[in-house]
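The primary structure of each chain is shown beneath.
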Amino acid sequence: MKPPRPRLLEALSRRLDLATSGLPHDGAGIVLSLPSPARLEKAAETLSRRFDQGAPQAPMMEQRLAALARLRTGESGLTPRQWNLVAWGLCDDDGRNPVAIEDPTMFDPLMVWTQGWITTRSVPRKPWFGLLNSYFTYSPERAAGHGNWLRLRERLADTMPLLIGSQKRQKLWTRMLERHRDLLTDDAGRSLRQVLFNGDATELSELNKGLAVTDASWIWQRAIAYQIAWLNGLEDTAFVAAIPAMLTFLAGHPRFADEMLAALLTRYCQSSQRDESHEQLKNESFRRWGNPQLVGSVRWAMVEAPVRAMVLRWFAKEDLEHFFSLLQGEGQVDKQRLVYWLRFVDQISYTRILLGADALNDSRAEFRNFRAKNAGRYGRLTGGPKHNNAFIMRINNQLFVEFSGTGNACYAYSDKHVPFNPQATYLDTNLELKEVQPDPYGREKDNRIRHLSGWQWRADQFLADRGIRPGATAADGTAPVSAYQPRFGRSDATSRPEATATVAAPVRAPGNSGMEGWRRPAIQQALELARINGIGTENNLADGGYLWLLVLDPAPALKQAMLKLGLEWRPGKGYCIH
């Protein structure tokens, strides 16, 4: 064979250069930049599922509903493919008929069909996983289909060994079923607790791939319930040591965050350290549930009154310490007043710090940290010296106002005679906070506690006249607390957190003094109360009329909450506020 001629080689070289001129080069030659092979990756994933055999993909909803409709009409002779769709669709809701698992005319024929699996000792994988998916989807607490749900679990448990035994080699889903055999027992969720809280990401990923349990399944709720029971059984030291990891968990699992947080707060309240503020728990509960001192966060009703009182104490103690140290006017530290009011810290249900101009503008780190940490909790004090700050606290049915600057008395107001709204953004020292009123209890001339020599014993008498004495009461947090029981999955109305527990009594001004400032919050609280309790309303306020809560026979707790809000009872219609 003759070697190629030089001119032919040159022509071929030029054509090759032209063909590759648009491709990137490097020192080693041409570099091919190819797009991501999406179709290849999808095919590889399909093959992986086929050979490793994780959970099969669920059929489309339209197909499942069509098969269910044929079964519902009594059509005989469904094909294996249609029965497969029925198995996957037991919990599908078409908006017109009961779900199949709750309908004996739908569920019983399916059980007859699956009985054949046992007779023939041949269990098809896809419809079996359809039954498993329906088992995980339907809530076992729903009474309507609970009996059928148990029959479904029994059928799955009876056929699972046959299905696993028919496999020539172990697969991902068989490993998951064998590792978590409790899934088809009354202990379902116990082994998943270990995966959720002690397993690694790979183990959890394999579980999701192998069994394809949805995030909304009741099984995860059971796993959380087992974890809460485990926490409740720990000794105090071990429990406190576990708190940081639990808070990290709930940060990544918002679906279960409320239940876990309620369990942690309750267990901490049962511990010997309940009087010591837990900074992480305090901050997390404030971030998720809002200020426990204020109306509006229904989620604080998830815990018992002593638990909430414990957190109130944490906030009150910290606020007192900040006010009488960091925020004390002109750099003073009033240890006498701090020590005095700390004796009542268990009874303080509300605190508000009002910052004067100096504290608002102080650029030192401790002041900047205070303002950042308490964003949304402090107000602004106007009038009077710039260095002055104010502290508002509520004990029983009395509101007290202390000032940081020396030479200021402490002013006491009963709920019915408060001339200002403590939640207002701006409050004036002289025009609102310092209103001298006659002492309604008769012992003192007026409503002021003057900080003169020996003032503490006179203040004790002043407070005693108002039914306030140092120390804690059972209602304020010393009452025993029962172990927290998770609430998810319960359908009965009595299992809901008592919505009225978050509604506090509004402070009302006498006559028209400050009335407009209090009317709006009370109305908002009444509307929120109606919303969370499912009560109808009739709002005629725009026409100068009343806001009505249309409930004739409320539960005692709800009735008490409405009366605290200042609503009046009108026979034949309900409760109203003007």
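Everything numeric here is computed off the predicted structure, so don't read it as measured data. (Residues numbered from 1 in each chain as written. Predicted model: local features only at pLDDT ≥ 70, side-chain atom pairs only at ≥ 80, totals over all residues. Heavy atoms only, no water.)

Caption draft 1: Just the nonpolar core, in detail. One finds Trp 128, Leu 132 and Tyr 135 to be the most contacted residues of the largest nonpolar core, which totals 87 residues. The element contributing the most residues to this core is helix α13 (residues 254–270), with 10 residues. Sequence-distant contacts of Leu 132, that is, excluding residues within four places in its chain, are made with Leu 156, Leu 177, Leu 184 and Leu 211. Ranked by size, the runner-up nonpolar core spans 29 residues in total, among them Phe 323, Phe 324, Phe 370 and Ile 449. (Core = buried A, V, L, I, M, F, W, Y, C linked by side-chain atoms within 4.5 Å. Buried < 20%, exposed > 50% of the residue type's maximum accessible area, 1.4 Å probe, protein only. Helix = DSSP H or I, 4+ residues; strand = E, 2+ residues; numbered from the N terminus. Contact = heavy atoms within 4.5 Å.)

Caption draft 2: Focus on the sheet that holds strand β6 (residues 398–403). Here 7 strands make up an open sheet; going across it, the order is β8-β4-β3-β5-β6-β7-β9 and the pairing mixed. Unpaired on one side and paired on the other, β8 (426–428) and β9 (448–449) mark the two borders of the sheet. Together, β3 (348–355), β5 (390–395) and β6 form the strand contacts of helix α15 (residues 305–326), whose direction differs from that of β3 by roughly 35 degrees. (Pairing = 2+ DSSP bridges. Axes fitted to C-alpha atoms, helices over the stretch in contact; angles between N-to-C directions.)

Caption draft 3: Quick peek at the pattern of salt bridges. Enumeration according to the criterion identifies 26 salt bridges in this entry. With a shortest N-O distance of 3.7 Å, Arg 190 and Asp 187 are connected by a salt bridge. Take Arg 190: its relative accessible area is 44%, and that puts it in the partly exposed class. Classification of Asp 187 by relative accessible area gives partly exposed; the value is 36%. The partner of Arg 377 in a salt bridge is Asp 319, with the nearest N and O atoms 2.7 Å apart. Residue Arg 377 is found in the loop between α18 (365–373) and β4 (379–382), and its partner Asp 319 is found in helix α15; the two are separated by 58 residues along the sequence. Across this residue pair, the class does not change: Arg 377 and Asp 319 are buried. (Salt bridge = Lys/Arg side-chain N within 4 Å of Asp/Glu carboxyl O.)

Caption draft 4: Just the pairing of strand β13 (residues 574–577), in detail. Bridge count for strand β11 (residues 547–550) against β13 is 3 bridges, and the pairing is antiparallel. Looking at the pairing, Trp 548 lines up with Cys 576 of β13. As judged from the 3 bridges shared by strand β12 (residues 568–570) and β13, these two strands associate in the antiparallel manner. Opposite Trp 569, over in β13, you have Tyr 575 as the bridge partner.

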